[in-house]
Amino acid sequence: MTRRTLIRAGTLGLSGMTLADLLRARAAGGVAKRGADDPSVILIWLDGGPPQHETYDPKPDAAAEVRGPIGSIATAVPGIRISELLPRHAAMMDKVSLLRSVHHDNDDHFTAAHWMLTGYSGPNGINQTPVNPSFGSVLSRVKGGKKAGIPAYVGLPNTHTVGLPIGYHGAAYLGRSFDPFNADGDPNTDAYHATSLDLPAGVDVGRLGSRRELLSRFDAARERIDRFAGASDVDRFQDAALAMISGPEARAAFDLGREPAHLRDRYGRHTWGQSALLARRLVEAGVRFVTLTFGGWDWHASIEKGMHNVLPVLDAAVAGLIEDLNQRGLLESTIVLVMGEFGRSPRLNNGLPQDPIPGRDHNGRVMSVLVAGGGFAGGQTIGASDPRGGSPADRPVRPQDIIVTLYDRLGVDPETTFQDRTGRPITVGSTGMIIPELSGSTGRA
């Protein structure tokens with residue numbers, strides 16, 4: 001067996017980077033010490049910018065052109081109302097917090113998405129290149145994986161931001177080793193499988209045999225292999241790589257066929273619902289961070305039709321996930337975030353030339369973010385928008401505040417620094433401050 005064959009057996013398709021290389025790079029970055037309390041994170045990214053009026057911050061007493069076409073309903077928490085198209089959210093409102101005053105004041109899709117996911121401004125519609133690592137990548141870099149043979153960070157069903165594959169969910173200057181493990185595809189189809197776990201053409205698990213048997217065959221070619229990696233590294237990292245691609249645990253985590261039909265129905269038999277169910281399986285198996293990208297939220301026109309299409313699907317996916325985590329005793333050990341890059345304008349527009357039915361335009365001056373689980377307080381709203389839902393009126397919250405609060409909960413020092421591509425030390429927490437209403441903490445971690 002040649003070195004080329006061995007390298008191909010560990011390839012994940014990351015531009016030639018092998019899984020063994022990826023694991024070696026992660027170990028070189030170090031793994032933070034973890035206690036028994038080490039939450040996983042599921043980020044549901046609503047790419048395009050969800051409208052706060054039609055989701056988590058309705059304005060039922062405002063004028064029609066502000067209030068919009070979607071009504072509101074009471075929730076399980078007195079005084080909190082949300083969209084009438086989110087009844088399952090409403091029933092579990094005691095388990096979530098709504099941040100209604102998040103803002104970064106930028107209306108560019110690219111700048112806004114980067115800011116929400118990294119805590120830093122940077123790219124724009126002209127220069128879209130990622131500048132800073134996402135908080136998912138930072139957690140993968142600082143804390144590493146939870147379990148051998150299981151990826152630390154997974155993205156699905158179509159990991160992107162504003163049409164950029166991976167986009168601002170990635171690791172930027174931390175290196176591609178800390179990008180999400182790409183499990184893209186539609187989990188609602190029988191054909192779905194995690195393609196990154198596929199073996200190269202012509203190689204199957206039967207040919208590989210047990211990984212220990214394969215590793216024993218390294219000895220014959222040790223002198224040649226040692227030119228590329230230390231002997232101890234070959235043993236340790238190739239063993240881990242083969243455990244992931246040929247071992248049962250990662251593959252079992254991605255197998256939705258193991259779930260009962262009635263539970264799959266609760267999540268919704270659509271891409272978003274089955275992706276959310278898969279996210280639960282992944283954190284249960286030991287994945288630290290899962291990003292779910294649910295695109296299609298840029299409703300400049302026909303917002304009423306759009307919301308009737310997407311909100312019932314979102315309702316089943318998000319509520320199904322939180323209900324399931326809670327029933328399994330996993331909600332306290334799993335943080336769920338639902339957010340997009342910005343909110344929408346407080347006044348309906350006249351639609352677009354090709355679709356002259358009202359919608360809402362970009363608005364980075366205020367948006368809503370849902371937070372649940374992980375020991376965070378629920379049953380509350382934090383901050384408030386003004387009566388028109390156009391800007392913060394109370395307790396403004398910035399993207400970097402959400403990120404630092406997350407780091408605080410996971411035991412990551414926000415003053416941790418890494419060198420960017422120019423060699424400058426950059427802190428992972430930007431200028432963020434802990435949100436005490438969520439965490440029960442005060443000040444900067």
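The numbers attached to residues start from 1 for each chain and follow its sequence in the written order. Selection of residues for local features in this predicted model requires a pLDDT of at least 70, selection of side-chain atom pairs for listing and counting requires 80 or more, and totals for whole chains, interfaces and linings are taken over all residues. Only hydrogens and water are removed before side-chain values are computed, so all heavy atoms of the structure are retained for them.

**Brief notes about the overall build of the protein chain**
Moving on, step 1. Numbering of helices and strands runs from the N terminus, with a helix taken as a DSSP run of H or I at least four residues long and a strand as a DSSP run of E at least two residues long. When helices and strands are tallied, the protein chain shows 16 helices and 20 strands.
Moving on, step 2. Each residue gets one of three labels from its accessible area relative to the maximum for its type: buried under 20%, exposed over 50%, partly exposed in between, using a 1.4 Å probe on protein chains only. Among the 445 residues that make up the protein chain, the fraction classed as buried is 57%.
Moving on, step 3. Contacts are residue-level and defined by heavy atoms, with any inter-residue pair within 4.5 Å sufficient. Considering only residue pairs separated by 6 or more positions, the protein chain has 72% of its internal contacts joining residues 24 or more positions apart.
Moving on, step 4. Counting only carbon and sulfur atoms, one obtains 51% of the accessible surface of the protein chain, whose full area is about 17,300 Å². Each accessible area is a Shrake-Rupley estimate made with a 1.4 Å probe; only the visible protein chains count as cover when residues are assessed.

**Things to note about the packing of helix α6 (residues 135-143) against helix α15 (residues 399-410)**
Moving on, step 1. Think of each axis as a best-fit line through the C-alpha atoms, taken over the contacting stretch in the case of a helix, with angles from 0 to 180 degrees between the N-to-C directions. Relative orientation of the contacting elements α6 and α15 amounts to 25°, with a least axis distance of 11 Å. With respect to their mutual orientation, α6 and α15 come out roughly parallel. Considering the relative orientation of α6 and α15, their crossing is right-handed. Seen from α6, the contacting residues are F135, V138, L139 and K143; seen from α15, they are I403, L406, Y407 and L410. The cut-offs work like this: below 35 degrees is roughly parallel, past 145 is roughly antiparallel, 65 to 115 is roughly perpendicular, and the gaps in between are oblique. By convention the crossing between two helices is left-handed if the near helix lies anticlockwise of the far one by an angle smaller than a right angle, and right-handed if it lies clockwise.

**Description of the side chain of Q400**
Moving on, step 1. By the secondary structure assignment, Q400 is in helix α15.
Moving on, step 2. Judged by its relative accessible area of 7%, Q400 falls in the buried class.
Moving on, step 3. In terms of polar contacts, Q400 uses its side chain to reach the side chain of T431, at 3.1 Å.
Moving on, step 4. Residues in contact with Q400, not counting those within four places in the same chain, are W115, G119, G429, S430, T431, G432 and M433. Definition of a polar contact: a pair of N or O atoms within 3.5 Å, with one able to donate and the other able to accept a hydrogen when the atoms are protein atoms, and with sequence-neighbouring residues admitted only if both atoms are side-chain atoms.

**Here we look at the packing of helix α5 (residues 109-118) against α15**
Moving on, step 1. Axis separation between α5 and α15 bottoms out at 7 Å; the angle between their running directions is 25°. Regarding the angle of α5 to α15, the classification is roughly parallel. Here α5 contributes W115, M116, L117 and T118 to the contact with α15, which in turn contributes P399, Q400 and I403.
Moving on, step 2. Side-chain classes follow a simple rule in which Ala, Val, Leu, Ile, Met, Phe, Trp, Tyr, Cys and Pro form the nonpolar group, Asp, Glu, Lys and Arg form the charged group, and the remainder, Gly included, forms the polar group. Tallied by class, residues from the contact of α5 with α15 come to five nonpolar, two polar and no charged.

**Brief notes about the pairing of strand β15 (residues 367-373)**
Moving on, step 1. Burial within β15 is extensive, with seven of its seven residues counted as buried.
Moving on, step 2. Pairing of strand β6 (residues 96-102) with β15, which is carried by five bridges, proceeds in the antiparallel orientation. What sits directly across from V96, in β15, is A372.
Moving on, step 3. At least two bridges found by DSSP between two strands are what make those strands a pair. Two strands pair when backbone bridges link them, and strand β12 (residues 334-339) and β15 are joined in this way by four bridges, in the antiparallel orientation.

**Observations concerning the packing of aromatic side chains**
Remark: the centre distance and the inter-plane angle together describe each pair of aromatic rings, the angle taken between the planes.
Moving on, step 1. A pair of Phe, Tyr and Trp rings is counted when the ring centres sit within 6.5 Å of each other, with Trp represented by its six-membered ring. The angle between the planes then sorts it: under 30 degrees is stacked, over 60 is edge-to-face, the rest tilted. One pass over the full model with this rule turns up five aromatic pairs.
Moving on, step 2. Ring centres 5.1 Å apart and planes at 85° place the aromatic pair Y153 and F289 in the edge-to-face group. Placement of Y153 in strand β7 (residues 153-156) and of F289 in strand β11 (residues 289-295) is noted, with a sequence separation of 136 residues between them. This pair shows no difference in class: Y153 is buried, exactly as F289 is.

**Some remarks on the confidence of the model for the protein chain**
Regions with low pLDDT carry predicted coordinates that are not meant to be interpreted in detail.
Moving on, step 1. Residue-level confidence of the predictor is what pLDDT reports, using numbers from 0 through 100. Residues with a pLDDT of 70 or more make up 78% of the protein chain, whose mean pLDDT is 85.
Moving on, step 2. Here residues 207-238 scores under 50 on pLDDT; set against residues more than four positions off or in separate chains, the count is 43 contacts.

**Thoughts on the sheet that holds β6**
Moving on, step 1. As summarised here, the arrangement of the eight strands in space is β10-β7-β11-β3-β12-β15-β6-β16, forming an open sheet in which the pairing is mixed. The open sheet is flanked by β10 (181-182) and β16 (380-382), the only strands paired with a single partner.
Moving on, step 2. In terms of strand pairing, β6 meets β16 through three bridges, oriented parallel. When the bridges of β16 are listed, L99 appears paired with I382.

**Quick word on the pairing of β11**
Moving on, step 1. Among the seven residues that make up β11, six are buried, leaving the element largely enclosed by the rest of the structure.
Moving on, step 2. Note: strand β3 (residues 40-47) against β11, seven bridges, orientation parallel. Its bridge partner lying in β11, I44 is registered against L292.
Moving on, step 3. Alignment of β7 against β11, held across four bridges, turns out to be parallel. Residue pairing in the sheet places V154 in a bridge with V290 of β11.

**Considering the pattern of salt bridges**
Moving on, step 1. Whenever Lys or Arg places a side-chain nitrogen within 4 Å of a carboxyl oxygen from Asp or Glu, that contact is recorded as a salt bridge. The tally for this structure, following the rule as stated, stands at 24 salt bridges.
Moving on, step 2. Between R281 and E259 there is a salt bridge, with the nearest N and O atoms lying 2.7 Å from each other. Of the two residues, R281 sits in helix α13 (residues 271-285) while E259 sits in the loop between α11 (248-253) and α12 (261-267), which places them 22 residues apart along the sequence.
Moving on, step 3. R281 sits in the buried class, given a relative accessible area of 12%.
Moving on, step 4. Two residues, D324 and R280, come together in a salt bridge whose shortest N-O distance is 3.0 Å. Of this pair, D324 sits in helix α14 (residues 303-327) while R280 is found in helix α13, placing the two residues 44 residues apart along the sequence.
Moving on, step 5. A residue is classified by how much of its surface remains accessible, and D324, at 4% relative accessible area, is buried.

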